[in-house]
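# A look at the structure
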Amino acid sequence: MQIILSILMFAVGIAVMTISFKAKKELIYYLTLSIGIIIFFAGIFVIFPK
């Protein structure tokens, strides 16, 4: 279950990052990119809990 959730978080993070490259305004671009990176690293922390 944890592995499936983390793979899903990776996919969502990458999807949000790719959406940010299509954004026209700079603010939206940086906002979506940062959200994508946060989701991506959250997926890493789900796989490797401290």
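Preceding this section is the structure that the text describes.
For the structure given in this document, a descriptive report is provided here. This one's a predicted model, so the numbers in the text were calculated from it and none came from an experiment.

## Some details on the overall build of the protein
Helix and strand counts for the protein stand at two helices and zero strands. Overall, the protein is about 35 × 20 × 10 Å in size when its C-alpha atoms are taken along their principal axes. Each of the 50 residues in the protein was classed as buried or not, and the buried ones make up 22%. Sequence separation of 24 or more characterises 57% of the internal contacts of the protein that already satisfy a separation of 6 or more. Carbon and sulfur atoms provide 82% of the accessible area of the protein, an area that totals close to 4000 Å².

## Regarding the environment of Phe41
Mapped onto the elements, Phe41 comes out in helix H2 (residues 26–47). Its relative accessible area of 44% is what places Phe41 among the partly exposed residues. Sequence-wise, Phe41 and Leu31 are 10 residues apart; in three dimensions their C-alpha atoms are separated by 16 Å.

How each quantity is defined
Residues numbered from 1 in each chain as written. Predicted model: local features only at pLDDT ≥ 70, side-chain atom pairs only at ≥ 80, totals over all residues. Heavy atoms only, no water. Helix = DSSP H or I, 4+ residues; strand = E, 2+ residues; numbered from the N terminus. Buried < 20%, exposed > 50% of the residue type's maximum accessible area, 1.4 Å probe, protein only. Contact = heavy atoms within 4.5 Å. Areas by Shrake-Rupley, 256 points an atom, 1.4 Å probe, with all protein chains shown as cover.

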